[in-house]
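# Commentary on secondary and tertiary structure
The lines below spell out each chain.
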Amino acid sequence: MESTILNKEDEKIIQIESTILNIDELSVSYGGDKYSIDKVSAGIQKNKITAIMGPSGCGKSTLLRAINRMHELYPETHHKGSITLGGEDIYKINPIQLRRKIGMVFQRPNPFPTMSIYDNVIAAYILNGIKLKRSEKNEIVERSLREVGLWDETKDVLHKRGTFLSGGQQQRLCIARALAYKPEVILLDEPTSALDPIATAKIEDLLVKLKKNYTIILVTHNMGQAARISDYSMFMYLGELVEYGKTKKMFTTPKDERTEAYLMGKFG
Amino acid sequence: MNISNSISQQKLKWRIFNDRLFSIVMMSLAFISALPLLSILYQLIKKGYKQIRLNFFIEVAPDTMEAMMAKVNHEIIPGGIANGIVGTLIIVGMASLIAIPLGLICGIYLSETSKGKMAGLVRFVVDMLQGVPSIVLGVIAYIWIVKPVTSGFSALAGSVALSIMMLPSIIRSTEETLKMIPSTLKEAALSLGVPYHRTIFKVLLPTGMSGIATGIILGISRIAGETAPLMLTALGSSAINLDITQPSSAIPLLVWEFYNDPNLIDLIWGASLILLLIIFLLNLGAKAIAKKWKVQY
Ligand SMILES: Nc1ncnc2c1ncn2[C@@H]1O[C@H](COP(=O)(O)OP(=O)(O)O)[C@@H](O)[C@H]1O
Ligand SMILES: [Mg+2]
């Protein structure tokens, strides 16, 4: 079957250059000498889904946001350690350039409320003042909406406001918006926590499809979700990366007793 | 569980009666507070409607002799308030041109800087400014503009005085509106690699447009009827004047002039009615914009 061939090819690619992001002894503080994540090291695998799990407040969002430097919105943040993207130190790349390579999707769907569905998809181009030909725009919009499985539902209402869609559709629109720039990595912070089970299932299917072209890092409070769709999992606790490895292995034979306790539902 | 049973029938009736009484009292009080406005409107229309013909909008105010002759002959006073309308448009328009950009920038700054000494100081100054009597702003514009810049009374000086008066409401409404916008929108833009300044001007401002525009229009409607600061700055003019460095009339200035001239006093009603209508329309416009441009996050 065709899919097996594709999978084999994928595996070859992964073997050639598997680690796309390398996080090395990363500590992030929101100010003062209290670090919200402490000496986190991990190599993120290309074209895989990596789930970040852990109880609330353990630093999942902080780690995720450090990867595209969104944590710097808080002026007092500082960090130690490093992250490299394809060998390049991300803290030496201009954050604006970096964020075009590492897209982000948030907990609540947040399409731009003044923009149409069409404009939301190409918002990165519009807002950055990049002029495109009409045909280029149409092509990006169609490609991105098809990628997230929203094309058929929206192709006749592209001029309508993005906020007119249902929550799940809005979230897929936000993923399309993040994809329009063809980033290398997509970060998602609990993208389904505001959605119903059906919309959640659609997003999960979508993420599995997307990993063919993108590297996905997913923060989730939902262990089932991590088990269903992720290839690798991280378990964080009190700012520490307790365990990181293949999801299957971690869910069947966790190495750390804190991971085990979490997987058995002993933390919130 | 069964609270209603524990309250006797008697008490229940008393409560219902009380509720009714309360809403009746509320409605009457609301009506009473609307009375002055209604009676003002009634007076103005009753006494002013005769004046309001086409000439009223396209002719300048008559001089006292013309008015006296008309009165003697039992005719309608000739002329209109065109010099005042044009003056008000120019003075208020220019005041808006000065105040809107300044107010927007200041409001954006405050909404983006919730903490910090400088922001606190700016907020304090804005609050103080809100309380400065308009006549004092007239004095300030007199010192700043009339003497050194236009060496004489001028529309420009009037605009400066009024622009200072507009600033607090623009700044505050901008700040409050922008603060209401969920931070996730800003994050969405920044995560797309959109620079900070573009995020503000292309995402936050358009999203808050309805609230900001409403604040601006209400600010305009507040200054459109100001008289005192204009007496010290624009002074007044019997002709239509398009030169902003020269004295200019304005509708409220005309009302004041009419009041001081027994021959012209009948023109007060028409002029006031027009002024009131302009302010009404601005307020209605503000409401319409608030409704039409409202965005849903
Ligand atoms: N803007 C902030 N300022 C200060 N502390 C913060 C900020 N955001 C998060 N923190 C702290 O950092 C820690 C980790 O938070 P976060 O990364 O949001 O956890 P999670 O996403 O796992 O729930 C928490 O203790 C939280 O209080
Ligand atoms: Mg979080």
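Residues numbered from 1 in each chain as written. Chains lettered and ligands numbered in written order. Predicted model: local features only at pLDDT ≥ 70, side-chain atom pairs only at ≥ 80, totals over all residues.

## So, the overall build of chain A
Broken down by element type, chain A carries 12 helices and 10 strands. Here the C-alpha radius of gyration of chain A, 19 Å, is about what a compact globule of 268 residues would show, namely 18 Å. Dimensions along the principal axes, computed over C-alpha positions, put chain A at roughly 55 × 50 × 40 Å. A separation threshold of at least 6 residues defines the contact pool for chain A, and within that pool the share at least 24 residues apart is 69%. (Helix = DSSP H or I, 4+ residues; strand = E, 2+ residues; numbered from the N terminus. Rg over C-alpha atoms; globule rule 2.2 N^0.38 Å. Contact = placed C-beta atoms within 7 Å.)

## A closer look at the overall build of chain B
Scanning chain B from terminus to terminus reveals 14 helices and zero strands. Taken from N to C terminus, the helices and strands of chain B fall in the order α-α-α-α-α-α-α-α-α-α-α-α-α-α. On C-alpha atoms alone, chain B measures out to a radius of gyration of 25 Å, which is more than a quarter above the 19 Å that the 2.2 N^0.38 rule sets for 297 residues. Each principal axis of the C-alpha atoms in chain B carries an extent, and together these give about 85 × 65 × 30 Å. Put simply, chain B has 297 residues, and 39% of those count as buried. A separation threshold of at least 6 residues defines the contact pool for chain B, and within that pool the share at least 24 residues apart is 73%. (Buried ≥ 20, exposed ≤ 12 C-beta atoms within 10 Å, placed from the backbone.)

## Observations regarding the interface of chain A and chain B
On the side of chain B, 19 residues touch chain A, which itself brings 20 residues to the contact. Of all the secondary-structure elements, those providing two or more residues to the side of chain A that touches chain B are α3 (95-101), β6 (102-105) and α5 (123-127) of chain A. Broken down by element, the side of chain A that touches chain B gets its largest block of residues, four residues, from α3(A). In terms of residue class, the side of chain A that touches chain B is made up of 10 nonpolar, seven polar and three charged. (Nonpolar A, V, L, I, M, F, W, Y, C, P; charged D, E, K, R; others polar.)

## Considerations on the site of ligand 1
Residues and elements named next belong to chain A. In the region of ligand 1, the neighbouring residues are Tyr30, Ser36, Gly54, Ser56, Gly57, Cys58, Gly59, Lys60, Ser61, Thr62 and Tyr74. Looking at which element gives the most residues to the shell around ligand 1, the answer is helix α2 (residues 60-67), with three residues. A per-class count over the shell around ligand 1 returns three nonpolar, seven polar and one charged. (Near = placed C-beta within 6 Å.)

## A closer look at the confidence of the model for chain A
On average, residues of chain A carry a pLDDT of 90, and 93% of them reach 70 or more. Per-residue pLDDT stays below 50 along residues 1-16 of chain A; that stretch engages in six contacts with residues further than four places along the chain or on separate chains. (pLDDT = per-residue confidence, 0-100.)

## Details of helix α10 (residues 196-207) of chain B
Taking 1.5 Å as the rise per residue, α10(B) with 12 residues should run 16 Å; its terminal C-alpha atoms sit 15 Å apart, in good agreement. Of the positions making up α10(B), those classed as buried are Lys202(B), Val203(B), Leu204(B) and Thr207(B). In an axial view of α10(B), the angular spread of the buried residues amounts to 160°, which keeps them on one side of the axis. At its buried positions, α10(B) is contacted by α5 of chain A together with α8 (155-180) and α9 (183-191) of chain B. (Expected span 1.5 Å × (residues − 1). Arc of directions from axis to C-beta.)

## Structural notes on the sheet that holds strand β8 (residues 215-219) of chain A
All names here are of chain A. In space, the six strands of this open sheet follow the order β6-β7-β8-β3-β9-β10, with mixed pairing throughout. Across the chains shown, the open sheet's two edge strands, defined by having one partner strand only, are β6 and β10 (240-246). When strand polarity is set aside, the average angle formed by the axes of neighbouring strands in this sheet is 15°. Of the pairings in the sheet, the one linking strand β3 (residues 49-53) to strand β9 (residues 232-237) comprises four bridges and is parallel in character. Bridge assignment links alanine 51 to a residue of β9, and that residue is serine 233. Helix-sheet contacts for helix α8 (residues 167-179) involve β6 and β7 (185-189), and the interaxial angle to β6 is about 170°. (Pairing = 2+ DSSP bridges. Axes fitted to C-alpha atoms, helices over the stretch in contact; angles between N-to-C directions.)

## Overview of the nonpolar core
Among soluble globular proteins, nonpolar side chains are generally buried collectively. The biggest cluster of nonpolar side chains holds 82 residues, and the ones touching the most others in it are Ile52(A), Val121(A), Ala176(A), Leu187(A), Ile217(A), Leu218(A) and Met234(A). It is α8(A) that contributes the most residues to this core, six residues altogether. Non-local contacts of Ile217(A), meaning those with residues more than four positions away in its chain, are made with Ile44(A), Thr50(A), Ile52(A), Leu64(A), Ile67(A), Val185(A) and Leu187(A). Core analysis: the second largest hydrophobic core is formed by 58 residues, Ala67(B), Cys106(B), Leu110(B) and Leu156(B) among them. (Core = buried A, V, L, I, M, F, W, Y, C linked by C-beta atoms within 7 Å.)

## Points about the pairing of strand β1 (residues 19-29) of chain A
Residues and elements named next belong to chain A. In this structure, β1 lies alongside strand β2 (residues 35-45), joined through seven bridges in antiparallel fashion. Bridge assignment links threonine 19 to a residue of β2, and that residue is glutamine 45. Hairpin geometry of β1 and β2 is characterised by an intervening segment of five residues between the two adjacent antiparallel strands and by a positive phi of about 140° at glycine 31.

## Things to note about the UniProt feature "domain: ABC transmembrane type-1" (unreviewed entry) in chain B
Listed under "domain: ABC transmembrane type-1" (unreviewed entry) in the UniProt record, and renumbered for this structure, are residues 85-286 of chain B. Secondary structure over residues 85-286 of chain B splits into 75% helix and 0% strand, and the C-alpha atoms at its two ends are 21 Å apart. (UniProt positions renumbered as here; feature names shortened; annotations may be inferred.)

## Considering the pairing of β9(A)
Within a regular strand, the side chains alternate between the two sheet faces. Counting buried positions over the six residues of β9(A) gives five, a clear majority of the element. Taken together, β9(A) and the strand that follows it, β10(A), pair antiparallel across an intervening segment of two residues, in which Leu238(A) is found at a positive phi of about 50°.

## Side note on the sheet that holds strand β4 (residues 78-85) of chain A
Residues and elements named next belong to chain A. Ordered in space as β2-β1-β4-β5, the four strands form an open sheet in which the pairing is antiparallel. In this open sheet, the two edge strands, each paired with only one partner strand, are β2 and β5 (88-89). Alignment of β4 against β5, held across two bridges, turns out to be antiparallel. By the bridge assignment, leucine 85 is partnered in β5 with glutamate 88.

## Regarding the packing of helix α7 (residues 134-146) of chain B against α8(B)
Residues and elements named next belong to chain B. At a minimum axis distance of 8 Å, the contact between α7 and α8 shows a crossing angle of 135°. Judged by the inter-axis angle, α7 sits oblique to α8. Two packed elements cross with a definite hand, and for α7 against α8 that hand is right-handed. Mapping the contact onto sequence places Ser134, Leu137, Gly138, Ile140, Ala141, Tyr142, Trp144, Ile145 and Val146 in α7 and Leu156, Ala157, Val160, Ala161, Ile164 and Met165 in α8. A per-class count over the contact of α7 with α8 returns 13 nonpolar, two polar and no charged. (Parallel < 35°, antiparallel > 145°, perpendicular 65-115°, else oblique. Left-handed = near helix turned anticlockwise from the far one by under 90°.)

## Remarks on the UniProt feature "transmembrane region" (unreviewed entry) in chain B
All names here are of chain B. According to UniProt, the feature "transmembrane region" (unreviewed entry) maps to residues 21-45, 85-110, 122-145, 151-171, 203-224 and 267-286 in the numbering used here. Secondary structure within residues 151-171 divides into 81% helix and 0% strand; the distance between the first and last C-alpha atoms comes to 31 Å. A helix fraction of 100% and a strand fraction of 0% characterise residues 267-286, whose end C-alpha atoms lie 29 Å from each other.

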